[in-house]
Amino acid sequence: MGNVALKGIDSDTKAVPRSRAFTTRLEEIRLDDYVKSERDAALPRDRNEGRHPSQRILFVTPEIADFVKVGGLGDVSSALPRALAAHHDIRILMPAYREVRNSALNIRRVGRLPAHAGLPACELGEMTCADGMVIYVLLCPELYERDGGPYGTGPGGYGSGGWEDNDVRFARLSLAAAQIAAGQAGLDWRPQLLHLNDWSCGLAPAYLAWMGHKVPSVFTIHNLAYQGLFDRSRCAALGIPESAFHIEGVEYYGRLSFMKAGIVYASHVTTVSATYAREITTPEFGCGLDGLLRCKARQGRLSGIPNGIDDSWDPRTDAHLVQAFSANDWRGKRANADYVRHRFGLAPSAGPLFAMVSRMVHQKGVDLVIEAAPSIVQAGGQLVFIGSGERRVEAQLDRLAERYPGAVGTYIGFDEYEARCIYAGSDFLLMPSRFEPCGLSQMYAQRFGSLPIAHRTGGLADTIENGVTGFLFEGANLASFMQALQQAFSVYHSTELFYAMRRAAMTGRYHWRQSIAPYTQLYRRICNEADVEVQQAG
């Protein structure tokens, strides 16, 4: 720990800066008032009520929480299309993984997609969810029906654990999206626009361009660090023309980049927060693509639209919780805390309960939490961890729990029930991420009255109000993190202020309905631009 230590834990509220406006705002907030105002402000949910003409949109994703989820993209792919469905004819395309084939939903075969280069022909299935959402699934058993995750068998399916043929698997997904958009799938429905997500869908707008079809597309970057890089020798097998392998095409430092293809060929690039949209135009966060992204920004073709959470994240009605609660009744939150302590083998305690719900990887700053853990425990706090990731980090967490029995608990893996109970039972959520494009955990935690302690970066900077709905610190380093922890301890021991911050956090308006208007405006704009381009060409 060096010379860094928590100090002033027992100090009174004078240790915590409180402006008059800050105090007044916290004292006036009530959750029930927020819920009413949110409903009043929500866009109409009826498909035919007060809306502009809708677009036909194909939302393409490698994962969706309904069936298989690795990270936040799975949650986004489940929630965002449903939010948009009230205003657009939106359908989803994804691979037919084993989990999809084994689901209770009936799959009706509706089309066939021709082979191309080294990519096999596939059948196209259609499923209809209970809420009416239509999902097209790419039926290709040799590519998608395997034990393991969407990307492989390793943590999150990346790195050494990724499938060796991921280039073929996700080029096939991208090509399927392009073929459907080009009217080559035999469907009676054809999208006006493609909404593509992350590197695994990045070749779709490129295939459309190489096929000569002018179908507009939105390409959303959820995490620029994962780029889908492959050897240039794979281009021929994937049907990528040799003329496209150059600096203004798919070439990235001598390799083939699916991510770069999406950025280059899409009509518009979005990412999942305004701050991250700015950050990725800098060398620090641009992963070698910052120059290209600066060019997109200058052209007005890069923007940040934040993610959100859905109505299931309501502590008054969530069936996952041990006991429901509200901002005016903390008995249920205490019941969830008691459950979490029992479940993770922690001793009864009147001290704060810290939690980390995350992929256990370097990006998430787990090493900072491990370094800070002895001081947290010494100060009377407890920690619980849930998630999986790098084997080395998992082993460090297990050793930490062994070192501090009754004060530190770990669960290597993921369980939705346990995670929700942790959000509901914890006092603080730790998110010292080195970078965070958007983040959903801080929104879940805030809605359940757990105050996030986070590095000021990406979507964390956009969704946490420092000293009001959580704590932000500058610089992903131990000293800054420890200062934020000290402030959290001080607030915890100032009961009135702590509960006021909880109430403020629970009123956060980060709902998917807020994303409808900016996406609708973007869809309409690029569709209009495409129409003008076709007219001018004609």
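Residues numbered from 1 in each chain as written. Predicted model: local features only at pLDDT ≥ 70, side-chain atom pairs only at ≥ 80, totals over all residues. Heavy atoms only, no water.

A. Spatial organisation of the overall build of the protein. Each helix and strand in the protein was counted, giving 19 helices and 18 strands. Relative to its full complement of 538 residues, the protein shows a buried share of 58%. Taking the intrachain contacts of the protein between residues at least 6 apart in sequence as the baseline, contacts between residues at least 24 apart amount to 71%. Roughly 21400 Å² of accessible area belongs to the protein as shown, and the carbon and sulfur atoms make up 48% of that amount. (Helix = DSSP H or I, 4+ residues; strand = E, 2+ residues; numbered from the N terminus. Buried < 20%, exposed > 50% of the residue type's maximum accessible area, 1.4 Å probe, protein only. Contact = heavy atoms within 4.5 Å. Areas by Shrake-Rupley, 256 points an atom, 1.4 Å probe, with all protein chains shown as cover.)

B. Broad picture of the packing of helix α12 (residues 366–378) against helix α13 (residues 391–403). Across the interface, α12 lies against α13 with an axial gap of 11 Å and an inter-helix angle of 15°. In terms of axis orientation, α12 runs roughly parallel to α13. Of the two elements, α12 crosses α13, and the hand of that crossing is left-handed. Residues Val366, Ile370, Ala373 and Pro374 of α12 pack against Val393, Gln396, Leu397, Leu400 and Arg403 of α13. Of the residues contributing to the contact of α12 with α13, the split by class is seven nonpolar, one polar and one charged. (Axes fitted to C-alpha atoms, helices over the stretch in contact; angles between N-to-C directions. Parallel < 35°, antiparallel > 145°, perpendicular 65-115°, else oblique. Left-handed = near helix turned anticlockwise from the far one by under 90°. Nonpolar A, V, L, I, M, F, W, Y, C, P; charged D, E, K, R; others polar.)

C. How the structure looks around the packing of aromatic side chains. This structure, assessed with the given rule, holds 26 aromatic pairs. Grouped by ring-pair contacts, the aromatic residues Trp330, Phe354, Phe428, Phe471, Phe489, Tyr492, Phe498 and Tyr499 constitute a single cluster. The ring centre of Trp313 lies 3.7 Å from the NZ or CZ of Arg420, which sits over that ring. Just above the ring of Trp330 sits the side chain of Arg502; from NZ or CZ to the centre is 5.0 Å. (Phe/Tyr/Trp six-rings, centres within 6.5 Å; stacked < 30°, edge-to-face > 60°. Lys NZ or Arg CZ within 6 Å of the ring centre and 35° of its normal.)

D. Quick peek at the nonpolar core. Counting 96 residues, the largest nonpolar core has Leu93, Ile135 and Ile221 as the members making the most contacts within it. By residue number, the principal contributor to this core is helix α6 (residues 166–181), which donates 10 residues. Ignoring sequence-local partners within four residues, the contact set of Ile135 consists of Ile64, Phe67, Ile92, Met94, Gly125, Glu126, Met127 and Cys129. Judged by nonpolar contacts, the second largest core, of 39 residues, contains Met356, Ala407, Phe428 and Phe471. (Core = buried A, V, L, I, M, F, W, Y, C linked by side-chain atoms within 4.5 Å.)

E. Structural context of the sheet that holds strand β13 (residues 353–357). Pairing in this open sheet of six strands is parallel, and the strands run β15-β14-β13-β16-β17-β18 from one edge to the other. Looking at strand neighbours, the two that pair on one side only are β15 (408–412) and β18 (471–473), the edges of this open sheet. Taken pair by pair, the neighbouring strands of this sheet meet at an average axis angle of 15°, ignoring direction. Packing against the sheet, α13 makes contact with β14 (382–387) and β15, and its axis sits at approximately 145° to β15. (Pairing = 2+ DSSP bridges.)

F. Region of the structure containing the pattern of salt bridges. For the structure shown, the criterion picks out 26 salt bridges. Residues Arg343 and Glu418 are paired through a salt bridge, measuring 2.9 Å at the closest nitrogen-oxygen approach. Here Arg343, found in helix α11 (residues 331–343), pairs with Glu418, found in helix α14 (residues 416–425); they are 75 residues apart in sequence, far enough to count as distant. Classification of Glu418 as buried rests on a relative accessible area of 8%. Ionic contacts of the salt-bridge type, sharing partners, join the residues Asp66, Arg82 and Asp131 into one network. (Salt bridge = Lys/Arg side-chain N within 4 Å of Asp/Glu carboxyl O.)

G. Examining the pairing of strand β6 (residues 193–197) more closely. Within β6, five of the five residues are buried, which leaves the element mostly enclosed by the surrounding structure. Taking every second residue as pointing to the same face, both faces of β6 are buried, with Leu193, His195 and Asn197 on one and Leu194 and Leu196 on the other. Pairing between strand β1 (residues 56–60) and β6: four bridges, direction parallel. Across the sheet, the residue bridging to Leu58 is Leu194, located in β6.

H. Broad picture of the packing of α11 against α14. Two numbers describe how α11 lies on α14: the axes approach to 8 Å, and their chain directions differ by 125°. Looking at the two axes, α11 sits oblique to α14. For the element pair α11 and α14, the recorded crossing hand is left-handed. Packed against α11, whose contacting residues are Lys333, Asn336, Ala337, Tyr339, Val340 and Arg343, the element α14 presents Tyr417, Glu418, Cys421, Ile422, Tyr423, Ala424 and Gly425 at the interface. Looking at the contact of α11 with α14 residue by residue, the class counts come to eight nonpolar, two polar and three charged.

I. How the structure looks around the confidence of the model for the protein. The predicted model of the protein averages 89 in pLDDT, with 88% of residues at 70 or higher. Across residues 7–24 the pLDDT falls below 50, and counting only partners more than four positions away or on other chains, this stretch makes 22 contacts in the model. (pLDDT = per-residue confidence, 0-100.)

J. Local environment of the sheet that holds strand β2 (residues 89–95). As summarised here, the arrangement of the nine strands in space is β3-β4-β5-β2-β1-β6-β7-β11-β12, forming an open sheet in which the pairing is mixed. On the outer flanks of this sheet lie β3 (108–113) and β12 (302–304), each paired with one strand and no other. Between one strand axis and the next, the sheet turns by 25° as a mean value, whatever way the strands run. As paired strands, strand β4 (residues 122–128) and strand β5 (residues 134–139) are joined by six bridges and run antiparallel to one another. Its bridge partner being in β5, Thr128 is matched across the sheet by Val134.

K. Expanded view of unusual backbone geometry. Phi is positive for Asp198, which is not a glycine, with a value near 65°. Within the secondary structure, Asp198 is located in the loop between β6 and α7 (204–211).

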